[in-house]
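Residue-level structure breakdown
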Amino acid sequence: MKAGFAGLCLVAFTTGAHAAQDVNPLGSVLALLSELEGKIIKEGEAEQKAYMEYVEWCDDTARNGDHAVKTATSQKQKLEAKIGELTSEIDVSSSQIDTLAAGIAQAEAELKNATLIREKEVADFSASEHELVDAVDTLGRAIGLLEKEMSKNPAALTQLSSKSATAALQALGAVLDAAAFPSSDQKKLAA
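Residues numbered from 1 in each chain as written. Predicted model: local features only at pLDDT ≥ 70, side-chain atom pairs only at ≥ 80, totals over all residues. Heavy atoms only, no water.

1. As for the confidence of the model for the chain
When pLDDT is averaged along the chain, the result is 80; 72% of the residues meet or exceed 70. Across the chain, element-level confidence peaks in helix H2 (residues 24-152) with a mean pLDDT of 91 and bottoms out in helix H1 (residues 2-19) with 52. (pLDDT = per-residue confidence, 0-100. Helix = DSSP H or I, 4+ residues; strand = E, 2+ residues; numbered from the N terminus.)

Below, the structure is given as structure tokens:
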């Protein structure tokens, strides 16, 4: 538009210049206007170049922004998928933890019961052991007495009367009962 205005002015002045060629001030004005037109065209070209650079920068920025948005969207989708996967793994792991915790609680209860049973068995064993040690001690003393009597009279046991043999067997039965031998073992020992 500025160029059109300058051209219009130039045409108006040139027609006036032909009519009055002797007027030098008008030629100066025309020269100034031509100079101004050149400056305006140069500035317009510089502005156009700056505008084109700005448009190119905007296009590059828009492309980079679009690429960043696409990349971020893709990354977001991948991360959301990973979050979903990890959430399901958390659920599975929580279920496994609950199962294992229940198993541990059951094992601890079984261990407690087994410990109580073992303590009872230890107490029973200690009592039985004490009784057996007493019976072995009693048998040891009885053997000692028999050996002592045998050393005094070696034929004494072979000449037992039935009354003393019955008494000896009853004494031996009492010792076996005290020793808490099973009846089958007592019969073997008495035979």
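There's plenty left to go through after this.
2. Details of a nonpolar patch on the surface
Where nonpolar side chains cluster on the molecular surface, the patch consists of Tyr 51, Met 52, Tyr 54 and Trp 57 and spans about 510 Å² of accessible area. Topologically, Tyr 51 is positioned in helix H2. (Patch = residues over 30% accessible without salt bridge, like charges linked within 9 Å, V, L, I, M, F, W, Y side chains within 5 Å. Areas by Shrake-Rupley, 256 points an atom, 1.4 Å probe, with all protein chains shown as cover. Salt bridge = Lys/Arg side-chain N within 4 Å of Asp/Glu carboxyl O.)

3. With respect to the pattern of salt bridges
The tally for this structure, following the rule as stated, stands at six salt bridges. With its nearest N and O atoms 3.9 Å apart, the salt bridge here joins Glu 85 to Lys 82. On the criterion of helical spacing, the pair formed by Glu 85 and Lys 82 is a turn pair, its members being three residues apart in helix H2. Classification of Glu 85 by relative accessible area gives partly exposed; the value is 39%. Between Asp 124 and Lys 120 there is a salt bridge, with its nearest N and O atoms 3.4 Å apart. One end of the pair, Asp 124, and the other, Lys 120, are both in helix H2, four residues apart, so they sit about a helical turn from each other. (Buried < 20%, exposed > 50% of the residue type's maximum accessible area, 1.4 Å probe, protein only.)

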